[in-house]
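Now for the letters of each chain:
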Amino acid sequence: MLKTIIKKISLKICLEAILFLVSFAMGFYFQWEIANFIFFVIFIFLLLHPISSRIVASGAIIFLIATAILLMAKQNNLAEITAIWAYYCMIFTATLAFHELRLEKEDAIIPED
Amino acid sequence: MKNDLLKKIVNFIKVERRLFLVAIFLVMVFLINQSLYANHKKTTESCAGGKCLIVPPEKPQLTKDNAYYFVDDLFKNQSAGYYRLTFQEKSDQAEKIILKLNTYTEKENKIDELSFESSDKFKKQELFFFLPEGFDSLLFQKENSSATGNIFIKEIGITKLNVTSQDELALMKKTVLGETDSNTVEISQSNSDDRYPWLREKKIILGQVFQAKEPVISAVAFKIDINKNLNPGSRQYSLSLREVKYDEKKVSLVGAVIADAVFSVGSIEKYRQVDGTFLFPLYGILEKDKYYLISLDNSKVEVSNQNYLEFRGSKNNNSYPNGSAVMKKQKELYAIDGDLYFKIYGANLLEEEGAKILNGAKIESLGKGLGKYSYATKGKFVDLLDLATASAGTEFSEGDKIIYAPAKDDASFGYVVNTLYPINKLNFYATQNKAGWKKVKVSYSFDQNNWIDLASSEKSETAINTVDNLAENNADSEVATTDSEVATNDFLSEAIVQETVQVFDAEIIPTKEVKTIYFKISYDPNDASKGKLFALKNLKITADLNMK
């Protein structure tokens, strides 16, 4: 049973786990705030397992709308936080969009016989 | 075999290059964060000698490279006659100065020669002279143009005299110029061997209890080391003064905040002194022998091990016997070991014939038994020190450059105007600070018993309405904090509007011999507007005096 599990764990999974462990260690070492830390880990995850940039972009839009609503409600401190989260999501979106553009270019190359 | 392994590795890198890109990204994040947090500690010692000053020191008007200082157009449109010249000077060496009248055609007329002594404090100078026709400027000239002394000259003023001859000029009385001594340290604890790093934890109040020795506090100095990363944020620390009940280890707050000041880690440097300590202006009227707490609150700041302020002090409980360092954590206020390094500064107005003269007030003779009193607020923190009475919460706004107070209960602040000579006629001029603020009530009295309200009129004035979109939603948001903070911290939108404000322009003619008038500034309790503060701006008090 154990041997089967060990066989299934590839080198790639091991390296990914190490990268996540390093991310966690950096978060603790630099004492990042919990929200910033979560966004950093999400970013690492998205770099390793990209998803559609539209999903992340919708997150940015939601945070931007929340910022406007919070500003109207005079919740300035919360608005500042959601504005920063929107900014993070926009960075994620730009990174993923760049990746998608690269994939599209690779797909467009017709392989030679 | 080896080639196969190598090929496998190369193939793995090619297929899984994303993993390696992420690894490089992590290394870069680590290195950038290391550089952000490393070597960003500013201590009092590292800033001593003016190394961290952001406010440039004032420049001397006369130096070894510049032996001439022209005051252009001082006499422009002034008719010929006898005049009084007043100014203040400070020199780092004994120097001789020649004063001359001057014109653009370089015609000159010597007035006098003056000797300046070496001093680190400004000295008042006063001299009388006859101004002929055809001169418009004043020239300060070093007698020896190669002398190396640095001379500072400020507050130059002239007054035309009601005098027609040298004989009358000889009878002129010396001008009295009010000034405030706010450089006297009343209470202090000067040991700073130990550190108080507790402000690195969230929601901490750390401060020092002291026993009042004088009725006024004008400023407090602390030794604070700054730990900050490259982005310390714009959230603000709050430094406040409150009365406390203190009994060795027991501390409890009494009443409201008497005075407070707010600053961020970015803006704290404006309070830095040449010796590296911080001097915070903090005005409050105290009761002798009562205990007060000056404390710093970090509740609104995102603090961490890399971003916090660290008080210096002494862990020895006997370093200041009449108080203690105090900390508040989780709603509990308690005394902790030792005392912070601190200096409490008082404020003493100049006294003449037993009467206190307001800072900057001028009492001058004009000749033929006539005199003039003049006082105006300067739009600086020092204006607060002129107040004879002030209810809790009376503060100075750096942004609006006014003294303001919250409009609640029996809030008021007051002035005592001493003119030294009997008043023939006194004029009180001031305007309401802003239309949206509570209307102001100004009363005066000759004996502090019978108070008479001054009438006000209304005038329309152009105002720039600043909407502070990110300001805190409390009473203080009506007041701009500081120019730089408003400009950098918040999103602002501006609109030029016409608004109607109160104007006080009243003449008071005493029916008996009076040398002292009391003014009380309060708010109009019948004003139903939603304003939470009241204040006057452009306060000017002038009086014609009988100097016979």
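Computed from a prediction, not measured in an experiment: that's the story for all the values here.

S.K.: I'd like a rundown of the overall build of chain B, residues and numbers included.
M.R.: Scanning chain B for helices and strands turns up 5 helices and 40 strands. Here chain B holds 548 residues, and the buried ones make up 36% of them. The long-range fraction of contacts in chain B, counting pairs at least 24 apart against all pairs at least 6 apart in sequence, stands at 81%.

S.K.: Kindly report on the overall build of chain A, identifying the contributing residues and their values.
M.R.: Scanning chain A from terminus to terminus reveals 5 helices and 0 strands. Element order for chain A, N to C, with α for helix and β for strand: α-α-α-α-α. Burial analysis of chain A (113 residues in total) assigns 12% to the buried set. Considering only contacts in chain A between residues 6 or more positions apart, those separated by 24 or more positions represent 56%.

S.K.: Which residues make up the interface of chain A and chain B, and what are the values?
M.R.: At the interface, 16 residues of chain A touch 17 residues of chain B. When residues of the side of chain A that touches chain B are traced back to their parent elements, those giving at least two are helix H2 (11-30) and helix H3 (34-48) of chain A. Of all the elements, H2 of chain A adds the most residues to the side of chain A that touches chain B, at 9 residues. Per-class residue counts for the side of chain A that touches chain B are 10 nonpolar, 3 polar and 3 charged.

S.K.: Quick rundown of the nonpolar core? Include the residues and the values.
M.R.: Residues and elements named next belong to chain B. If you look at the biggest cluster of nonpolar residues, it comprises 97 residues, and the most contacted ones within it are Ile217, Val220, Phe222, Leu282, Tyr292 and Phe534. Split by domain, this core shows at least three residues from each of two domains, domain 2 (185-345) and domain 3 (354-546). In this structure Leu282 touches Ile217, Ala219, Val220, Leu239, Leu241, Ala259 and Ala261, once residues within four positions along its chain are discounted. Leu62, Leu99, Phe116 and Leu131 belong to the second-largest nonpolar core, a separate cluster that totals 17 residues.

S.K.: Summarise the sheet that holds strand E16 (residues 237-247) of chain B; cite the residues concerned and give the values.
M.R.: Residue and element names in this part refer to chain B. Strands sit in the order E17-E16-E19-E13-E21-E22 across an open sheet of 6 strands; the sheet is antiparallel. With one partner strand each, in any of the chains shown, strand E17 (250-263) and strand E22 (332-336) form the two edges of the open sheet. Strand-to-strand twist across the sheet, computed as the mean angle between neighbouring axes with direction ignored, equals 25 degrees. Relative to strand E19 (residues 291-297), E16 is paired through 7 bridges, and the arrangement is antiparallel. Residue Leu239 lies in a different strand from E19, and its bridge partner there is Leu296.

S.K.: Talk me through the confidence of the model for chain B; I want residue IDs and the actual numbers.
M.R.: Residue and element names in this part refer to chain B. A residue-level look at chain B finds 92% of positions with pLDDT of 70 or above and a mean pLDDT of 86. When the criterion is pLDDT under 50, residues 467-477 qualifies, and its contacts beyond four places in sequence or with other chains add up to 19 contacts. In the predicted structure, residues 481-492 sits below a pLDDT of 50 and forms 24 contacts with residues beyond four places in sequence or in another chain. Predicted complex, confidence summary: ipTM 0.85, pTM 0.69.

S.K.: Give me the lowdown on the environment of Tyr421 of chain B, citing residues and values where you can.
M.R.: With respect to the helices and strands, the residue Tyr421 of chain B is situated in the loop between strand E33 (412-418) and strand E34 (423-432). When residues no more than four places from it in sequence are discounted, the contact partners of Tyr421 of chain B are Gly371, Lys515, Leu545, Asn546 and Met547 of chain B.

S.K.: Go over the sheet that holds strand E11 (residues 185-189) of chain B with me, naming the residues and quoting the values.
M.R.: Hydrogen bonds along the backbone pair up the strands of a sheet, which may run parallel or antiparallel. All names here are of chain B. Taken in spatial order, the 4 strands make up an open sheet running E11-E24-E14-E18, and their pairing is antiparallel. The sheet terminates laterally at E11 and strand E18 (278-285), the two strands that pair on one side only. Within this sheet the neighbouring strands show an average axis-to-axis angle of 20 degrees, counted without direction.

How each quantity is defined
- Residues numbered from 1 in each chain as written.
- Chains lettered and ligands numbered in written order.
- Predicted model: local features only at pLDDT ≥ 70, side-chain atom pairs only at ≥ 80, totals over all residues.
- Helix = DSSP H or I, 4+ residues; strand = E, 2+ residues; numbered from the N terminus.
- Buried ≥ 20, exposed ≤ 12 C-beta atoms within 10 Å, placed from the backbone.
- Contact = placed C-beta atoms within 7 Å.
- Nonpolar A, V, L, I, M, F, W, Y, C, P; charged D, E, K, R; others polar.
- Core = buried A, V, L, I, M, F, W, Y, C linked by C-beta atoms within 7 Å.
- Domains from an automatic or database assignment.
- Pairing = 2+ DSSP bridges.
- Axes fitted to C-alpha atoms, helices over the stretch in contact; angles between N-to-C directions.
- pLDDT = per-residue confidence, 0-100.

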